Amino acid sequence: MQGNELDVKTLENWLWEAACKIRGPIDAPKYKDYILPLVFLKRLSDVFDDEINRLSQKYGSREIVEQLLAQDHNLVRFYLPKKTRWEEIAKQTTNVGEYLTDAVRTIARENSKLQGVVDAVDFNATAAGQRIISDDRLKELIDVLGRYRLGLDDVDADILGRAYEYLLRKFAEGSGQSAGEFYTPGEVAILMSYILNPEPGDEIYDPCCGSGGLLIKSHLRFKEKYGGDSSLEPLKFYGQEILHSTFAIAKMNTFIHDMEAHIALGDTMNRPAFLTPEGSLRKFDLVTANPMWNQNFPPSTYENDPYNRFIFGYPPSSSADWGWIQHMFASLNEKGKMAVVIDTGAVSRGSGNVGKNRERDIRKEFVEGDFVEAVLLLPENLFYNTTAPGVIIVINKSKRDERKGQILLINASKLFKKGRPKNYFPDENIKQISDIYLNWIEEEGISKIITREEAARNDYNLSPSRYVAQNGEDDTLPLEDAIVQLKEAEEERAKADAQLKEILKGLGVEL
């Protein structure tokens, strides 16, 4: 097919048909590990073929171009030796898994940028002595994927990217609890991109980037604003991801979108990848993230931190939400802004408690420092790994003068459409919420601007539903928040018991 004839719907249906070829033998969460690298390989091969044709017009023939490319791989985006190209892969009828695995490993050897990306999967792998995907199934998959071209003139990178996201969403629907590790709902990511509103030259960072969706939505927002104006300084993207298979998808996803992206593999909280030559954290203009909510990290993560990230206090070991937020805050430059999706309890837990509460005390520091710009309460049942609603916290190191000393609270909990299996934000609601934030508007029943003093009077409870009530809202403490608070109380009690023992021991009293 030529001339961008492959529209999104056709592309989605085709890719899902391909995915269905392997639905039987493997669990839904694993589909993506096999089909996405093959879609990426098809794109690589078709783009390479387009580039050979373009170079042939310049140098006279494909034969001459093949000889030139063998000597200088830099003439093309990625160099594919003959046996790794789709036309050769499509000819294989036996030992298909072995051939595919050898092909992707060869591509990775020839292109250092693709190492650990295109070769992340063994198509010949076995489990309990049985092939995970048989050669027959792989052959069927290759035949379906061979039906359309994915070259530069056949499909726009954005359309291919949207189809890629479609597959990720479909895989997330089948993955249940694990989906949140790699996928943030597209409309939440779009809303965050409107809030961050990137400008030319911005460097954007996601410390737990999953499959790269939040970075990609910022890239698309920038393109929507400025088009293809090559005179503007481009955006630069940085992401870190702990799971190897998800890291590989993020790399593929950013390559498909032609983004200038640096994606690192590793544990951000313990080994952040982006550092200055002096060994301190690199600073960015914008941070966007959806870390796993209420993660358990040992106290040593915070106490032994060499990067001086947790200056406002150590979160309880039962919820790392404010640990993640402080890492992101430490990763912002002096004019930086961040938007993070986190558990709703992060903005209210501990408020109203008598005595100390670590999360409330950290929140207090952020409010008193005038860094919290906005909190948006999302509808429930948007996310694939939980039915809980979640909030977007916007933290800004350089608020505009007219916003100083103020916090905008937006209750978007009712602004959704019912969907199956998940609810979703229609486009008009995304625009409505982003307009309220960008224009700093109070709207009856949806948004309210409060002062720091008002936040202090409410013991630093920043839950939008406390200030913007909507009919039928339940103010009962959610079970997961109660568990976090109980664990924190137990932790504090154990610490107090240990201190008491030390004091009594000093007095010669043994318990």
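For the structure itself, consult the block above.
Basis of the calculations
Residues numbered from 1 in each chain as written. Predicted model: local features only at pLDDT ≥ 70, side-chain atom pairs only at ≥ 80, totals over all residues. Heavy atoms only, no water. Buried < 20%, exposed > 50% of the residue type's maximum accessible area, 1.4 Å probe, protein only. Helix = DSSP H or I, 4+ residues; strand = E, 2+ residues; numbered from the N terminus. Pairing = 2+ DSSP bridges. Polar contact = N/O pair within 3.5 Å; in protein donor to acceptor, adjacent residues only side chain to side chain. Contact = heavy atoms within 4.5 Å. Axes fitted to C-alpha atoms, helices over the stretch in contact; angles between N-to-C directions. Core = buried A, V, L, I, M, F, W, Y, C linked by side-chain atoms within 4.5 Å. Salt bridge = Lys/Arg side-chain N within 4 Å of Asp/Glu carboxyl O. Phe/Tyr/Trp six-rings, centres within 6.5 Å; stacked < 30°, edge-to-face > 60°.

Visitor: Can you help me understand the pairing of strand β6 (residues 284-289) in this one?
Guide: A regular strand places its side chains so that they alternate between the two faces of the sheet. For β6, a buried count of five out of six residues is recorded, marking the element as mostly surrounded by other parts of the structure. Pairing of strand β3 (residues 203-206) with β6, which is carried by two bridges, proceeds in the parallel orientation. Looking at β6, one finds that Y205 is bridged to V287. Pairing of β6 with strand β7 (residues 332-342), which is carried by five bridges, proceeds in the parallel orientation. Paired with L286 across the bridge in β7 is K337.

Visitor: I'm lost on the environment of D72 in this one. Help?
Guide: Its place among the elements puts D72 in the loop between α3 (62-71) and α4 (86-89). A distance of 3.0 Å separates the side chain of D72 from the backbone nitrogen of N74, its partner in a polar contact.

Visitor: What's the story with the side chain of S447 in this structure? I'm lost.
Guide: By secondary structure assignment, the location of S447 is in strand β11 (residues 447-451). A residue is classified by how much of its surface remains accessible, and S447, at 6% relative accessible area, is buried. Side-chain polar atoms of S447 contact the backbone oxygen of I441, separated by 2.8 Å. At 2.7 Å, the side chain of S447 forms a polar contact with the backbone nitrogen of E443. Those residues in contact with S447, other than ones at most four positions away along the chain, are L408, L409, I410, I436, I441, E442 and V468.

Visitor: Please explain the sheet that holds β3 as it appears in this structure.
Guide: Sheet strands associate in pairs through backbone hydrogen bonding, adopting either a parallel or an antiparallel arrangement. The strand order across the open sheet formed by nine strands is β5-β4-β3-β6-β7-β9-β8-β10-β11, and the pairing between neighbours is mixed. Where the open sheet ends on each side, the last strands, each with one partner, are β5 (261-265) and β11. Each strand axis lies, on average, 15 degrees off the axis of its neighbour in the sheet, ignoring direction. Two elements, strand β4 (residues 236-241) and β5, share five bridges in a ladder whose sense is parallel. Residue pairing in the sheet places F237 in a bridge with A261 of β5. Contacting β7, β8 (372-377), β9 (391-396), β10 (406-411) and β11, helix α14 (residues 427-439) runs over the sheet at an angle of about 170 degrees to β10.

Visitor: Looking at this structure, how should I read the nonpolar core?
Guide: When a protein is soluble and globular, its nonpolar side chains tend to lie buried together. If you look at the biggest cluster of nonpolar residues, it comprises 85 residues, and the most contacted ones within it are L191, F366, L376, L378, I392, I393 and F425. In contact with L378, other than residues within four places in its own chain, are V188, L191, V341, F383, P389, G390, V391, I392, A412, S413 and F425. Counting 63 residues, the second largest nonpolar core, distinct from the first, contains L55, L141, A248 and I256.

Visitor: What's the story with the pattern of salt bridges in this structure? I'm lost.
Guide: Close approach of charged atoms lets side chains of opposite charge pair. Scanning the model with the defined rule gives 34 salt bridges in all. With a shortest N-O distance of 3.6 Å, E88 and K82 are connected by a salt bridge. In this structure, R403 and E373 form a salt bridge, with 3.6 Å as the shortest nitrogen-oxygen distance. Taken together, the residues span a long stretch of sequence, with R403 in the loop between β9 and β10 and E373 in strand β8 at a distance of 30 residues. We note that R403, like E373, is buried. One salt-bridge network, held together by shared partners, links D49, D50, R62, R149 and D154.

Visitor: Can you walk me through the packing of aromatic side chains in this structure?
Guide: Think of a pair of aromatic rings as described by two things: how far the centres are apart, and how the planes are tilted against each other in angle. Overall, the coordinates contain 22 aromatic pairs when judged by the stated rule. With 5.4 Å between their ring centres and 85 degrees between their planes, Y238 and F274 make a pair best called edge-to-face. Taken together, the positions of Y238 in strand β4 and F274 in the loop between β5 and β6 put the pair 36 residues apart, joining distant regions of the chain. The class for Y238 is buried, based on a relative accessible area of 4%. Residue F274 is classed as buried on the basis of its relative accessible area of 13%.

Visitor: Help me understand the pairing of β10, please; the structure alone is not making it clear to me.
Guide: Of all six residues making up β10, five are buried, and the element is well covered by its neighbours. Here four bridges tie β8 to β10, and the two strands are oriented parallel to one another. Considered in β10, the bridge of L377 is made with N411. Pairing between β10 and β11: five bridges, direction antiparallel. Among the inter-strand pairings, L409 is bridged to a residue of β11, identified as K448.

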